[in-house]
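Residue strings, one per chain:
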Amino acid sequence: MTTTLRPTTPERHTDDGGRSRSYEVCVNSRPVGSVRLTTDARLGPSAGRIEHLQIDAADRHRGRATVAALAAEEVLRGWRCTRLLASVPAQAATALGLAAALGYRERGRNMVKPLTEPPELPVGSAIRAMAEADYPAWHAHERTRYLATVLESGLTREQAEAKAEADYATLLPHGPATPGTVLRILAHGGTDVGTLWVALRAGEPDAEERGEAYVFSVEVGEEHRGNGHGRTLMLAAERDSLAAGARSLGLYVAGGNTPALRLYESLGYEAVEYHLIKQLL
């Protein structure tokens, strides 16, 4: 039997080189499912995505999805994509198994925790709002960290700089005075040891799935790590989120960051979505 992808829509192009198109998955010309292929809007036209791969119930468990995914990879190679990205719900065990079999690895995961009662902070720890005078140094440091992460995803320096500029202009247009933004500094024993950035996400399309409040950044100074300050910052994030009326707190943890993952799991966070990557040879 021959599995092919048959276009169902014209190919769409964006000004920045992006492409997308929807297809039927066919076996011997018989439709058995559908799939949408697109380049990633955030990482540019060299990153492809296989989205909404769906095989009809009567044709499942016959390897159709595997062959369709491989056929989709060939299309994306033709689009000059050098890597594939996928986002899979944590409960989709079959899709996660397929991705692993096809050679995808975890790039990171979104985690969420329901919020109930505000936790107590450890004795000796104090949280204060980030002042205007503190903001420039923090922003410069955060931007440097963010650039390093974006560069690892495959963007050029110029593309990464442009993305950082656009993202920070969107997320923090008014610095520490940005509505719905919580910027905090943690001090322990009178010494500043870490920082926290939380955003309230009420009204956003995925706020319920990924948390009504969201931790964009939590960092402990290198010389102060290993003393439980990361846990304290996360407890402070929960307190601030509850005070603002949020019922859940979400975050993203990069693949391979085992210490952070263990911390979040110990605090009760659970994975809701896995983000996967595969290099196209």
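**Re the packing of aromatic side chains**
Thinking step 1. Scanning all chains against the criterion turns up seven aromatic pairs.
Thinking step 2. With 5.1 Å between their ring centres and 65° between their planes, Y214 and F216 make a pair best called edge-to-face.
Thinking step 3. Looking at F216, the relative accessible area reads 34%, which means it is partly exposed.
Thinking step 4. Plain terms: the ring middles of Y264 and Y269 are 6.1 Å apart, the flat faces sit at 65° to each other, and that makes the pair edge-to-face.
Thinking step 5. For Y269, a relative accessible area of 3% translates into the label buried.

**Comments concerning the packing of helix 3 (residues 135-152) against helix 4 (residues 157-171)**
Thinking step 1. Where helix 3 meets helix 4, the closest approach of the two axes is 9 Å, and the angle between their N-to-C directions is 130°. The angle between helix 3 and helix 4 places the two elements in the oblique class. Between helix 3 and helix 4 lies a crossing of right-handed hand. Listed contacts from helix 4 to H139, E142, R143, Y146, L147, V150 and L151 of helix 3 are R157, A160, E161, K163, A164, E165, D167 and Y168.
Thinking step 2. Each residue belonging to the contact of helix 3 with helix 4 can be placed in one class, and the counts come to seven nonpolar, one polar and seven charged.

**Quick look at the pairing of strand 10 (residues 191-200)**
Thinking step 1. Among the ten residues that make up strand 10, seven are buried, leaving the element largely enclosed by the rest of the structure.
Thinking step 2. Pairing between strand 9 (residues 181-188) and strand 10: eight bridges, direction antiparallel. Bridge pairing in strand 10 places T181 opposite A199.
Thinking step 3. As judged from the seven bridges shared by strand 10 and strand 11 (residues 213-220), these two strands associate in the antiparallel manner. Note on strand 11: the bridge partner recorded for A199 is Y214.

About the criteria used
Residues numbered from 1 in each chain as written. Predicted model: local features only at pLDDT ≥ 70, side-chain atom pairs only at ≥ 80, totals over all residues. Heavy atoms only, no water. Phe/Tyr/Trp six-rings, centres within 6.5 Å; stacked < 30°, edge-to-face > 60°. Buried < 20%, exposed > 50% of the residue type's maximum accessible area, 1.4 Å probe, protein only. Axes fitted to C-alpha atoms, helices over the stretch in contact; angles between N-to-C directions. Helix = DSSP H or I, 4+ residues; strand = E, 2+ residues; numbered from the N terminus. Parallel < 35°, antiparallel > 145°, perpendicular 65-115°, else oblique. Left-handed = near helix turned anticlockwise from the far one by under 90°. Contact = heavy atoms within 4.5 Å. Nonpolar A, V, L, I, M, F, W, Y, C, P; charged D, E, K, R; others polar. Pairing = 2+ DSSP bridges.

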